[in-house]
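# Overview (structure and organization)
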Amino acid sequence: MAGCNEPIRPETNVMNRAALPGLLVVLGFGSFILLALVLLFLAGDGLPLERLAGRQVRAILTFTLTQSLLSTGLSIAGALPLAVLLYRHRAFVGRDTLVRLLALPLALPPLVAVLGILEIWGRSGVVSAGLQSLGFDVRLDVFGLQGVLLAHVFFNLPLAARLMLAHLERQPATTFRLADQLGLVGWARFTRVEWPLLRPSLGGVAGLIMMLCLGSFTIVLTLGGGPRAATFEVAIYQALRFDFAPSLAALYTLIQLVLAGTLLFLLSVVGGAPQDRAGALPEEAGFTRPVPVWGVGLLILTTLFLLAPLAALVVGGLVAEWGRLIQNPRLWSAAMTSGVIAACAGLVAVATAYALLVARSRGFGANGIAKHLFEAGYGAVGSAVLAVPPIVLGAGWFLALRGVPAQTLLAGGLVMLVNALMALPFVLRVMAPAFAASERRYGALSSSLGLTGWRRFVRVDLPVLARPFAVALAFALVLSVGDLGAAAIFGAYDLVTLPVLILNLMGSYRTGDAAGVAFLLGVFVFALIAMAERSHKVLG
Amino acid sequence: MIELRGVQLNLPGGARFTYDLSVATGVSLGVIGPSGAGKSTLLHLIAGFLQPVSGIVELEGVDHSRSDPSRRPVSMVFQANNLFDHLDVATNVGLGISPSFHRGAREMGRVSDALDRVGLGGFESRKVPSLSGGEAQRVALARALVRDRPILLLDEPFAALGPSMRRDFTQLVSAMQKEKQLTMLTVSHTPQELTDLCDELAFINDGTITARGPVETMLNGSSNSDLRDYLGHPAD
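Residues numbered from 1 in each chain as written. Chains lettered and ligands numbered in written order. Predicted model: local features only at pLDDT ≥ 70, side-chain atom pairs only at ≥ 80, totals over all residues.

## What about the overall build of chain B?
Rules: Strands here mean DSSP runs of E at least two residues long; helices mean DSSP runs of H or I at least four residues long; both are numbered from the N terminus. All radius of gyration figures rest on C-alpha atoms, and the globule criterion is 2.2 Å times the number of residues raised to 0.38. We call a residue exposed when 12 or fewer other C-beta atoms sit within 10 Å of its C-beta, buried when the count reaches 20 or more, and partly exposed for counts in between; the C-beta positions come from the backbone.
Secondary structure assignment for chain B yields seven helices and 10 strands. Relative to its length of 236 residues, chain B is compact, with a C-alpha radius of gyration of 18 Å against a globular reference of 18 Å. Its C-alpha atoms give chain B principal-axis dimensions of roughly 60 × 40 × 35 Å. When burial is assessed residue by residue, chain B has 44% of its 236 residues classed as buried.

## Describing the overall build of chain A
Threshold: Each residue is represented by a C-beta atom placed from its backbone, and any two residues with such atoms within 7 Å are regarded as in contact.
Looking only at helices and strands, chain A features 22 helices and zero strands. Summarising its shape, the C-alpha atoms of chain A cover approximately 75 × 70 × 50 Å along the three principal directions. Look at the contacts in chain A between residues 6 or more apart in sequence, and 84% of them connect residues 24 or more apart.

## Description of helix α21 (residues 498–507) of chain A
Residues and elements named next belong to chain A. Most of α21 is tucked away: eight of the 10 residues are buried. Taken together, the buried positions of α21 are L498, P499, V500, L501, I502, L503, L505 and M506. One or two steps after α21, the chain reaches Y509, where phi turns positive at roughly 60°.

## Some points on the environment of Y442(A)
All names here are of chain A. Locating Y442 in the fold gives a position in helix α18 (residues 407–448). Between the C-alpha atoms of Y442 and I120, which are 322 residues apart in sequence, the distance is 52 Å. Other than its neighbours up to four places away in sequence, Y442 contacts V460 and V464.

## Considerations on the interface of chain A and chain B
Where the parts come together, the accessible area they lose is often given as the size of the interface. In plain terms, the rule: Residue polarity follows a fixed list, in which Ala, Val, Leu, Ile, Met, Phe, Trp, Tyr, Cys and Pro are nonpolar, Asp, Glu, Lys and Arg are charged, and the others, Gly among them, are polar.
Taken together, the contacts link 17 residues of chain A with 21 residues of chain B. Elements with a contribution of two residues or more to the side of chain A that touches chain B: α8 (173–181) and α9 (186–214) of chain A. In terms of residue count, α8(A) provides more of the side of chain A that touches chain B than any other element does, five residues in total. Looking at the side of chain A that touches chain B residue by residue, the class counts come to eight nonpolar, five polar and four charged.

## Let's talk about the sheet that holds strand β1 (residues 2–10) of chain B
All names here are of chain B. Keep this limit in mind: In short, DSSP must find at least two bridges between two strands for them to pair. Only C-alpha atoms enter the line fits that serve as axes; for helices the fit covers just the stretch in contact. Angles between N-to-C directions range over 0 to 180 degrees.
Taken in spatial order, the four strands make up an open sheet running β2-β1-β4-β5, and their pairing is antiparallel. Two strands lie at the open edges of the sheet, namely β2 (16–23) and β5 (62–63), each paired on one side alone. Running over the sheet, helix α1 (residues 39–47) touches β1, β2 and β4 (54–59) and is turned about 110° from β1.

## A word on the sheet that holds strand β3 (residues 28–32) of chain B
Residues and elements named next belong to chain B. With mixed pairing, six strands are arranged side by side in an open sheet as β6-β7-β8-β3-β9-β10. Of all the strands in the sheet, the pair left with one neighbour each is β6 (74–77) and β10 (208–214). Within this sheet the neighbouring strands show an average axis-to-axis angle of 20°, counted without direction. Bridging between strand β9 (residues 200–205) and β10 involves six bridges; their strand directions are antiparallel. Pairing of E200 across the sheet is with P214, part of β10.

## Describing the confidence of the model for chain A
Residues and elements named next belong to chain A. The line we're drawing: Summary of the metric used: pLDDT quantifies the predictor's per-residue confidence within the range 0 to 100.
Taken as a whole, chain A shows an average pLDDT of 85; of its residues, 91% reach a score of 70 or greater. Confidence drops under a pLDDT of 50 for residues 1–12, and excluding neighbours within four residues, the segment shows 19 contacts in the predicted structure. Within the model, the stretch residues 278–283 combines pLDDT values under 50 with 12 contacts to residues more than four positions away or in other chains.

## A short note on helix α1 (residues 20–43) of chain A
Helical periodicity: at 3.6 residues per turn, an α-helix aligns residues three or four positions apart in one direction. How we decide: Expected span of a helix, by definition, is 1.5 Å for each gap between consecutive residues, and there is one gap fewer than residues.
Taking 1.5 Å as the rise per residue, α1(A) with 24 residues should run 34 Å; its terminal C-alpha atoms sit 34 Å apart, in good agreement. Buried within α1(A) we find G22(A), V25(A), V26(A), F29(A), I33(A), A36(A) and L40(A).

## Examining unusual backbone geometry
Residue and element names in this part refer to chain B. Notably, E60 is not glycine yet its phi reads approximately 55°, a positive angle. By the secondary structure assignment, E60 is in the loop between β4 and β5. The class of E60 is partly exposed, set by 16 C-beta atoms lying within 10 Å. Even without glycine at this site, D148 takes up a positive phi of about 55°.

## Remarks on the pairing of β9(B)
All names here are of chain B. For β3 and β9, the ladder comprises four bridges, and the chain directions are parallel. Bridging across to β9, L29 finds its partner in E200. The hairpin formed by β9 and β10 contains two residues between the paired strands, and D206 there has a positive phi angle of roughly 50°.

## Examining the environment of T303(A)
Residue and element names in this part refer to chain A. With respect to the helices, strands and loops of the structure, T303 is situated in helix α13 (residues 293–318). For T303, a count of 15 C-beta atoms within 10 Å corresponds to the partly exposed category. Separated by 201 residues in the primary sequence, T303 and L102 have C-alpha atoms spaced 8.9 Å apart.

## Some words on the packing of helix α11 (residues 232–241) of chain A against helix α12 (residues 246–269) of chain A
Residue and element names in this part refer to chain A. Stated formally: For classification purposes, angles smaller than 35 degrees are called roughly parallel, those larger than 145 roughly antiparallel, those between 65 and 115 roughly perpendicular, and all remaining angles oblique. The handedness criterion is simple: a crossing whose near helix is rotated anticlockwise from the far helix by less than a right angle is left-handed, and one whose near helix is rotated clockwise is right-handed.
Contact pair α11 / α12: the axes reach a minimum separation of 8 Å and the direction vectors enclose 165°. In terms of their interaxial angle, α11 and α12 are classed as roughly antiparallel. Judged by the sense of rotation from one axis to the other, the crossing of α11 with α12 is left-handed. Here F232, E233, A235, I236, A239 and L240 of α11 come into contact with α12, specifically with P246, L248, A249, Y252, T253, I255 and Q256. When the residues that make up the contact of α11 with α12 are grouped by side-chain class, the tally is 10 nonpolar, two polar and one charged.

## Here we look at the pairing of β2(B)
All names here are of chain B. Side chains of β2 alternate between two faces, with F17, Y19, L21 and V23 buried and R16, T18, D20 and S22 left unburied. Sheet analysis places β1 next to β2, joined by seven bridges and oriented antiparallel. Residue L9 lies in a different strand from β2, and its bridge partner there is F17. Taken together, β1 and the strand that follows it, β2, pair antiparallel across an intervening segment of five residues, in which G13 is found at a positive phi of about 95°.

## Here we look at the confidence of the model for chain B
Interpretation of this model should avoid reading the predicted coordinates in detail wherever pLDDT is low. In this model, chain B carries an average pLDDT of 90, and 99% of its residues clear a pLDDT of 70 or more. Here the prediction assigns the complex a pTM of 0.80, and the interface score ipTM is 0.71.

Right, dumping it as structure tokens:
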């Protein structure tokens with residue numbers, strides 16, 4: 001018998017009315033994705049399969065795999081000692097700040113980070129200037145593989161460190177107490193305790209990072225440095241925007257889908273991507289040893305590596321010519337476009353996630369075939385963006401807009417839908433646990449009182465889940481406002497968002513103005529993240 | 001011997017615990033009290049997992065208020081998760097001999113002896129997940145044996161065991177305590193479990209030890225009203 005706190009499920013194995021909005025979402029977004037692919041594959045004169053063995057495809061494939069593997073390896077190699085250090089030493093001054101700093105790159109729009117990285121590591125950057133002032137005749141060049149790796153490590157080393165730390169912190173507290181009592185320190189502690197605990201999670205962490213690097217668009221577009229350093233996503237963009245070769249774009253899409261699908265399958269085999277809940281270990285006045293010298297060095301290097309580009313962005317933003325910049329109508333137009341698209345995408349993502357969660361929890365009997373089918377659809381829509389990246393979705397619909405009236409407005413709507421779909425996995429990750437907790441607590445009571453549909457939304461779900469809804473909305477806004485993928489493709493239809501404006505300014509060598517706009521975007525994103533973090537803390 | 005003098009501990013959330021306690025060598029003291037009163041906290045303080053803001057934690061005549069848990073003359077058995085799941089039984093026990101334990105003939109001899117003592121001879125190569133709750137607790141006890149520290153702390157060691165396993169485990173711990181003259185502190189939610197194991201009981205309420213005495217007296221005739229409430233005895 002179910003406990004009194006268990007949500008009541010309909011006794012039948014079929015679905016009820018609560019499933020309808022969720023079903024519509026699955027069918028709607030499913031059709032949106034499939035249509036994008038169909039439009040792309042039908043647009044040209046058939047797939048140029050003979051080019052599969054050509055030099056160009058081989059070069060793109062080699063670069064895509066090389067940069068993905070190297071980025072993953074470097075990120076994990078740097079993250080492993082950092083995670084172990086943060087796990088071992090839980091009370092040094094600044095630990096919490098560093099753990100929070102590790103989350104910052106995840107929220108930073110890639111284009112904004114690229115500008116910061118250029119300020120530090122570029123030919124005219126701080127490091128080159130420093131080396132020259134020391135008498136070395138060296139100018140660093142970040143365009144090409146090395147720049148792509150640098151940027152990917154900037155984003156993924158903190159992610160890997162947080163995932164590994166979260167994995168360690170999920171172990172029972174007695175694990176580290178036992179290790180403390182038995183005097184397991186240094187290498188012995190690593191080999192006996194930490195490495196065996198971490199090893200099972202490494203496949204998932206590596207798979208996730210590889211997936212992100214494989215689908216990297218903005219970083220490779222801006223730092224790749226030309227056709228010899230392009231991933232398939234960038235190649236799709238270039239085939240459509242510069243060569244207008246839909247057949248070639250379709251071929252690249254096919255290869256990208258095969259690569260991403262294979263990696264997703266491998267990721268599911270190793271147990272999926274781990275959860276990011278770093279900092280979950282309860283704070284206490286526990287025993288802690290002093291951080292060793294190598295650890296202090298690592299902490300300083302990591303902090304500098306992450307903070308320096310952010311500091312450069314702030315400085316670049318502050319010295320921008322604001323008097324001229326704020327009189328530029330393109331800035332305000334782009335800000336308005338970005339704001340409207342992000343707000344709509346955020347609301348659509350949250351409403352969609354709610355519909356999916358309601359359908360999943362209340363719409364089906366316990367074991368019916370309809371439930372199993374819906375679960376499959378829920379999983380597919382919830383993670384579709386990993387297999388079918390925004391640039392591919394954008395490419396299909398970009399072709400559909402040719403010759404259509406009101407292109408700019410329609411392009412805005414399409415970018416909004418792509419962004420909503422892109423945000424959906426993250427929104428679900430925030431909302432699903434809160435929704436499940438609410439169902440456990442109030443599910444039976446609501447059902448017994450006959451609260452269903454709209455009444456349940458107004459009386460129970462909205463008041464109880466308002467804060468997780470707001471946090472999820474903030475995350476969706478952050479992702480959408482910083483996205484360049486779909487927006488770059490639709491830039492051809494005079495749709496200029498803030499990231500597109502930054503890209504255009506960089507392309508015309510107005511880096512000062514680009515830094516100013518990036519600063520604005522960064523401030524907006526961090527304000528949203530700060531609000532979401534505060535709410536998340538209250539949520540526990 | 002355990003001596004806690006004016007030991008103060010501040011916990012997150014504002015709770016403040018204060019302990020004064022003296023336990024002579026070879027004495028087995030049971031620690032009882034309501035949930036959240038500070039029973040396990042007392043053990044963690046003695047083991048070194050928590051550090052006091054003030055006061056002295058003296059163990060075997062030495063001030064250990066700030067020392068590393070591994071350097072204290074203490075072994076501790078937790079309620080659960082006493083073993084590393086990824087290591088076999090022999091290595092789990094052997095780490096009690098040394099953090100750099102290697103499976104040499106002498107070390108393995110000590111491990112096997114300890115496992116024999118707790119009735120688990122031949123379990124050396126068994127994996128931890130294949131052990132029952134009682135077996136896992138006995139492996140933890142075998143590690144405490146090879147660690148050979150004069151103070152043994154047991155934090156609700158019976159919580160995961162069935163009635164017959166509790167009896168066996170109690171007999172095993174009691175024999176070990178008497179043979180080695182261990183100074184032992186056992187935390188339990190069920191005071192009756194401690195009658196066969198302890199010489200005395202201490203009652204903790206709101207982070208302070210408010211009553212202490214022989215087991216029989218504490219369970220039947222204490223004048224402490226909080227203790228009587230806790231035990232469910234009617235007021236006089």
